[in-house]
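Each chain, written out:
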Amino acid sequence: MRIGIDLGGSKIELIALDHHDREHMRIRRPTPAGDYKATIALIVAMVSEATSSLQAECSIGIGTPGAVSLSTGRMKNCNSTCLNSQPLQQDLERALQRKIRLSNDANCFALSETIHGAAQGARVVFGVILGTGVGGGLVINGQIIDGANHIAGEWGHNPLPLSTATDFPGPACYCGRHGCIESWLSGPAMAACHQRDTGDFLSAEAIAHAAASGDIDCTETLERYFQRVAMALATVINIVDPDVIVLGGGLSNIDALYRRVPELWLPYIFSDDVRTTLLPPEHGDSSGVYGAAWLWEKT
């Protein structure tokens, strides 16, 4: 039996799969916001609940909103900032009294959608998280590509490409820089852009809903958002040239993304024929939890 855990900014989700990938249990709890010790305690409690109910030995894979530093063994690059500089893997292994495997949540998402999802059978897959933060994961030939620095796929902390003079210096990002792709394309970033442009504060979900109902201001906010997504993904295509890009996170539910972005990215891609496809996730906001379980090979 394999347990996968998706450690997100708003929720922690656990799934238990057998060797046929059949689901036997699922638990979802709110993440203790900003509280590292409470996060550790909740994960331990969820694993205990699962293993007690299943009465089986389980491997444990965890998708995290960041990566493990190769120099310190501690977490880095987490938009859930209470995890940064913490020895997450060591603390969890000590508390659970077993070895676990960690990977970036976008890596887990990309792996899930490659193995049994929207990108099944594709050779090169780029998985994108558009939610509270903006992440990316790269899977080639069914294998997660971590990279020499454990940052492969982290497109969210490059500057927004092809910005205009009015975009500088760009919104502040939690990483300490300005104008990162994440600071333009996350859900909170969309809300902030809308407020700067209109004076009205609406959540990203509310903006998308109002635009679908014909609201002009919200429609214009979405169109500017689509343009920025297209420019940012065009750069990924020019470097990685993936067969499939799969979108995850809350903003992946905006249906118009899948029509408008491929129309808008064409002028920015260095090819006369663009065959990369942009797809919604097959497993919705639970996709990453499957990928976390699959960090362990089937045995």
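Please refer to the structure higher up on the page.
The rules behind the values
Residues numbered from 1 in each chain as written. Predicted model: local features only at pLDDT ≥ 70, side-chain atom pairs only at ≥ 80, totals over all residues. Heavy atoms only, no water. Patch = residues over 30% accessible without salt bridge, like charges linked within 9 Å, V, L, I, M, F, W, Y side chains within 5 Å. Areas by Shrake-Rupley, 256 points an atom, 1.4 Å probe, with all protein chains shown as cover. Salt bridge = Lys/Arg side-chain N within 4 Å of Asp/Glu carboxyl O. Lys, Arg positive; Asp, Glu negative; His and termini not counted. Charge placed at Lys NZ, Arg CZ, Asp CG, Glu CD. Helix = DSSP H or I, 4+ residues; strand = E, 2+ residues; numbered from the N terminus. Buried < 20%, exposed > 50% of the residue type's maximum accessible area, 1.4 Å probe, protein only. Phe/Tyr/Trp six-rings, centres within 6.5 Å; stacked < 30°, edge-to-face > 60°. Lys NZ or Arg CZ within 6 Å of the ring centre and 35° of its normal. Contact = heavy atoms within 4.5 Å. Core = buried A, V, L, I, M, F, W, Y, C linked by side-chain atoms within 4.5 Å. Disulfide = S-S within 2.5 Å. Polar contact = N/O pair within 3.5 Å; in protein donor to acceptor, adjacent residues only side chain to side chain. Pairing = 2+ DSSP bridges. Axes fitted to C-alpha atoms, helices over the stretch in contact; angles between N-to-C directions.

**Focus: a negative patch on the surface**
- Together, Asp200, Asp215, Asp217 and Glu220 give the surface a local cluster of negative charge.
- Here aspartate 215 is to be found in the loop between helix H6 (204-212) and helix H7 (216-240).
- The class of aspartate 215 is partly exposed, set by a relative accessible area of 34%.

**Here we look at the packing of aromatic side chains**
- Enumeration over the complete set of coordinates arrives at two aromatic pairs.
- Ring centres of phenylalanine 126 and tryptophan 155 lie 6.2 Å apart, and the angle between their planes is 85°; on these two criteria the pair is classed as edge-to-face. You can see phenylalanine 126 sitting in strand S8 (residues 124-130) and its partner tryptophan 155 sitting in the loop between strand S10 (143-144) and helix H4 (181-185), a full 29 residues away along the chain.
- Given a relative accessible area of 5%, tryptophan 155 falls into the buried group.
- Summarising the aromatic geometry, the rings of tyrosine 290 and tryptophan 294 are spaced 5.9 Å apart at their centres and angled 35° between planes, so their arrangement reads as tilted. Considered together, tyrosine 290 and tryptophan 294 belong to a single accessibility category, that of buried residues.
- We note arginine 101 situated over the ring of tryptophan 296; from NZ or CZ to the ring centre the distance is 3.8 Å.

**Here's the deal with unusual backbone geometry**
- Backbone geometry places glutamine 97, a non-glycine residue, at a positive phi of 60°.
- Residue position: glutamine 97 is located in the loop between helix H2 (88-96) and strand S7 (101-104).
- You will see that histidine 150, though not glycine, has its phi angle at about 60°, which is positive.
- Judged by relative accessible area, histidine 150 falls into the partly exposed class, the value being 29%.

**Notes on H2**
- Among the residues making up H2, those that are buried are Leu88, Asp91, Leu92, Glu93 and Leu96.
- If you follow the buried residues of H2, they end up packed against strand S1 (2-7), helix H1 (36-54), strand S4 (59-64), strand S6 (75-76) and S7.
- Positive phi appears at glutamine 97, one or two residues downstream of H2, with a value of about 60°.

**Comments concerning the nonpolar core**
- Counting residues in each nonpolar core, the largest one holds 40 residues, and the members touching the most others are Trp155, Leu185, Leu233 and Trp265.
- For this core, the secondary structure elements donating two or more residues are S8, strand S9 (134-140), H4, helix H5 (187-198), H6, H7, strand S11 (244-248) and helix H8 (257-265).
- Among the elements that make up this core, the one with the highest residue count is H7 (11 residues).
- Leucine 233 has contacts with Phe126, Val128, Trp155, Ile245, Val261, Trp265 and Leu278, leaving out every residue within four places of it along the chain.

**Re the state of the cysteines**
- One pass over the structure, following the stated rule, counts zero disulfides.
- Free of any disulfide, cysteine 58 has its nearest neighbouring cysteine sulfur in cysteine 108, separated by 17 Å.
- Distance from the sulfur of cysteine 173, which forms no disulfide, to the nearest cysteine sulfur (cysteine 175) is 3.7 Å.
- Using a relative accessible area of 10% as the deciding quantity, one classes cysteine 173 as buried.

**Remarks on the side chain of serine 186**
- Topologically, serine 186 is positioned in the loop between H4 and H5.
- Looking at serine 186, its side chain comes within polar contact range of the main-chain nitrogen of alanine 189, at 3.1 Å.
- If sequence neighbours within four positions are ignored, serine 186 has contacts with Gly131, Thr132, Gly133, Val134 and Leu251.

**Section: the sheet that holds S11**
- Strands sit in the order S10-S9-S8-S11-S12 across an open sheet of five strands; the sheet is mixed. Sheet topology places S10 and strand S12 (277-279) at the edges, where each strand pairs with a single neighbour.
- On top of the sheet, helix H3 (residues 105-116) reaches S8, S9, S10 and S11; it is set at about 45° to S9, its chief contact.
- Where H8 meets the sheet, its contacts fall on S11 and S12, and the angle it forms with S12 comes to roughly 155°.

These values are about where atoms sit, not about what they do.
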